[in-house]
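# Report on the structure
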Amino acid sequence: MKKIFFQIQINIVMLLLTSFVFGQQSLKIGDAPTTIDANAVLELQSTTKGLVLPRVATTSAILSPENGLMVYDISTKCVKSYNNGFWSGCLSGGLNQTSNGTAVIFSIDCDSDPVYNGTISLSQGLDGVVQKVTVVVTAVGTYNFLTNIVNGMYFQLSGTFTTTGSQEITLIGYGSPIVAGNFTYTLNSNPGCTFDRITYYMYPNIVLFPTPYFITSVYDVDYLPYTIPSSVATLSASVAATTGTATNELLPLNIQGSLPELGITIKIPYESNGYGTIVPAFTETITIPAAATKEGLVDRQVKLIIAQATFSDFSSGTISAKLIPADNSIINFKQLDIQTGIGFNNLGYLLGTFSIPTSVVGITTPFELRAIAAIPDRSISTTAATATSHSMFYTPIRSATGRTWLNNNLGADYSNVYKSVFSPAQQATSATDYKAFGSLIQWGRNTDGHELTNWSFTNVILGPAVTIPITAVSTTSTTTNGAFIKNANWLNLTDYSLWQGVDGTNNPCPTGYRVPTTAELGAEMTAASILTTATAYNSIFKFTTTNYRNSGDGVFTTTNNTGYYWASEFSGTSGNKYSISSIVQSSTSARGQGFAVRCIKD
């Protein structure tokens, strides 16, 4: 066949050359070569053969087509022509030019309009998802447009064209998507068209905020003086506080961090900035290296399980997730050293990272599982512990909103190495547990010692940790005198950025933490159903009746019936606060008042 076809090509070339040479105006190939139609420059005649046009993979392969050019398009299985700068639809019936009904179509265009066509996601499926198609009809009749099945989905529409010309129809999506990704669908008509549709893991307007989950695990008998680290946390153990002068402290730090056999339930915050009300179920398992376990013998696996969650459009809140040992047996994590198990960023040691799919195909949001020895006070002493040295350590807790907070108020006795009750993981044992009251800080001030307290069972005993108040207001934003300033506004300047964010000039919280906003405090009150001092104490925060220190005379008010907690915002010359008593409410107070602070991780 190839030889015959080659010979025909040679014959055509020879005939064309002959025509050129002798000026012949017409040419005929095939049967009865001497009988030529007078109107034809080239005539083909055969009862058993036909004309084979050039075959191209797709018309786009021809870079500079001329008007009148004809080819056979392999991709659409039909003949097309190029006219007026455009390729036509199928001119032949390569796929039996049809609408799969009695109607005849000349061309079809698969339009792309993501708003009109809807969004496909694993969480929502094909609910409300369509594909808009524009069809040029040359003969009226019935039609049945159908795509192939891809990723468990297809598009289809049947009906009747009653008029000819350009018309718009809407194919309906059916099925259930299997995996996230970008998929191509092809219509069964001729001419036909293809279109791409993305299947998202979840709706693009849903955003998850899986902040790290911290597990406190520490053993250290020689942890002071504390050296502020310059690198990330490691698993190194038994590091002397000061080389050559290792001396055991009176109270060892001994907290065994673990993941119980039945796991723990946590909350992950989300925001929905539009329509789409479902986050699909998700499960992933990560490996914890043997070196990060107490026994240090074998690797262990931890599983993250997120159940399908449903919520309202344009909303925010949390979804539930569970962390559980993959083999359903308790995992005890390695107990870290204070000097090496915290890190410069107060993030502790990274045990492993889960990768939660987002709305964008191929993109994930990391969710870290971390172990940490403790969280040092921002003003922690790098020398020996004294009554005013701020030698304090806290531990992280995760709230009902999915946020990380300190477990105690700044300056709580349980957090203070100098106190006989020092036990950083311990929280209040009652709403009036004075050992958990903590420091009373003037709004916007740095922790220079003015806030330190020496609580007793009924009141405050004036002693080394409670300085004598002064009346002279400060002329600088950052103070160093360590004295409580008796004035409604301790600062003789208009500086309201002192506690604004983690980088606030006088942020009193540990590195990576800050004073919460009024909204953040309010969100926790709502999520934990905190309505009174009793429900405040029964929450994960173990809020107490902190009392306060009066800005006018520096006197401590110790009625033991109200807890006062500063927020980071201000209103005029006053600071925002939350008070917890028989009711819970937000209000403002003079910035010179001494209230408690509970820090939130940024």
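Above this text sits the structure in question.
Here's a quick rundown of the structure. (Residues numbered from 1 in each chain as written. Predicted model: local features only at pLDDT ≥ 70, side-chain atom pairs only at ≥ 80, totals over all residues. Heavy atoms only, no water.)

## A word on the overall build of the protein chain
When you go through the protein chain residue by residue, the secondary structure sums to four helices and 41 strands. Out of the 602 residues in the protein chain, the part that is buried amounts to 48%. Of the contacts formed within the protein chain by residues at least 6 apart in sequence, a portion of 62% connects residues at least 24 apart. Carbon and sulfur atoms provide 56% of the accessible area of the protein chain, an area that totals close to 27400 Å². (Helix = DSSP H or I, 4+ residues; strand = E, 2+ residues; numbered from the N terminus. Buried < 20%, exposed > 50% of the residue type's maximum accessible area, 1.4 Å probe, protein only. Contact = heavy atoms within 4.5 Å. Areas by Shrake-Rupley, 256 points an atom, 1.4 Å probe, with all protein chains shown as cover.)

## What about the state of the cysteines?
If you walk through the whole model with that rule in mind, you get two disulfides. Here Cys 509 connects covalently by a disulfide to Cys 599, the sulfurs 2.1 Å from one another. Here Cys 509 and Cys 599 share a disulfide; its torsion about the S-S bond, -80°, makes the bridge left-handed. With a gap of 90 residues between them, Cys 509 in the loop between β33 (441-442) and β34 (513-514) and Cys 599 in the loop between β40 (594-595) and β41 (600-601) connect regions that are remote in the sequence. In this pair, the class of Cys 509 matches that of Cys 599, namely buried. (Disulfide = S-S within 2.5 Å.)

## Side note on unusual backbone geometry
Across the junction of Asn 190 and Pro 191, the peptide omega takes the value 0°, indicating a cis bond. Its place among the elements puts Pro 191 in the loop between β13 (181-186) and β14 (194-200). Cis geometry marks the peptide bond from Leu 224 to Pro 225; its omega dihedral reads 0°. Relative to the elements of secondary structure, Pro 225 occurs in the loop between β17 (218-220) and β18 (253-255). Phi is positive for Ser 529, which is not a glycine, with a value near 55°. Position of Ser 529 among the secondary structure elements: in the loop between α3 (518-527) and α4 (533-537).

## Topic: the pairing of strand β9 (residues 130-139)
Bridge analysis of strand β7 (residues 104-110) against β9 gives six bridges, and the strand direction is antiparallel. Among the inter-strand pairings, Ile 108 is bridged to a residue of β9, identified as Val 135. Across eight bridges, β9 lies against strand β12 (residues 165-175) in antiparallel orientation. Residue pairing for β12: Val 133 is matched across the bridge by Ile 169. (Pairing = 2+ DSSP bridges.)

## Focus: the side chain of Asn 408
Positionally, Asn 408 belongs in the loop between β32 (404-406) and β33. Overall, Asn 408 belongs to the buried group, its relative accessible area being 2%. In contact with Asn 408, not counting residues within four places along its chain, are Tyr 394, Tyr 414, Ser 415, Pro 424, Gln 426, Gln 427, Ala 428, Ala 436 and Arg 598.

## A look at the packing of aromatic side chains
Applying the stated criterion to the full structure yields 22 aromatic pairs. With 5.3 Å between their ring centres and 35° between their planes, Tyr 143 and Phe 145 make a pair best called tilted. Given a relative accessible area of 0%, Phe 145 falls into the buried group. On the numbers, 5.8 Å between centres and 85° between planes, the contact of Tyr 226 with Phe 393 is edge-to-face. Placement of the pair is Tyr 226 in the loop between β17 and β18 and Phe 393 in strand β30 (residues 393-394), with a sequence separation of 167 residues. Overall, the relative accessible area of 2% leaves Tyr 226 in the buried class. Taken together, the ring pairs connect Tyr 223, Tyr 226, Phe 393 and Phe 422 into an aromatic cluster. Across the ring face of Tyr 434, the terminal group of Lys 435 is positioned such that the distance to the ring centre comes to 4.7 Å. The side chain of Arg 549 reaches across the aromatic face of Phe 484, ending 4.4 Å from its centre. (Phe/Tyr/Trp six-rings, centres within 6.5 Å; stacked < 30°, edge-to-face > 60°. Lys NZ or Arg CZ within 6 Å of the ring centre and 35° of its normal.)

## Here we look at the sheet that holds strand β39 (residues 584-590)
In space, the three strands of this open sheet follow the order β37-β38-β39, with antiparallel pairing throughout. Edge strands, defined here as strands with exactly one partner in the open sheet, are β37 (563-571) and β39. For this sheet the average axis-to-axis angle between neighbouring strands, irrespective of direction, equals 30°. (Axes fitted to C-alpha atoms, helices over the stretch in contact; angles between N-to-C directions.)

## As for the sheet that holds strand β16 (residues 213-216)
Read across the open sheet, the three strands follow the order β16-β28-β27; overall the sheet is mixed. Because the sheet does not close on itself, it has two edges, and the strands there are β16 and β27 (349-357). Strand-to-strand twist of the sheet, defined as the mean angle between neighbouring strand axes without regard to direction, takes the value 15°. Inspection of the sheet shows β16 paired to strand β28 (residues 364-372) by four bridges, in the parallel sense. Within β28, the position partnered with Thr 216 by the bridge is Ile 372.

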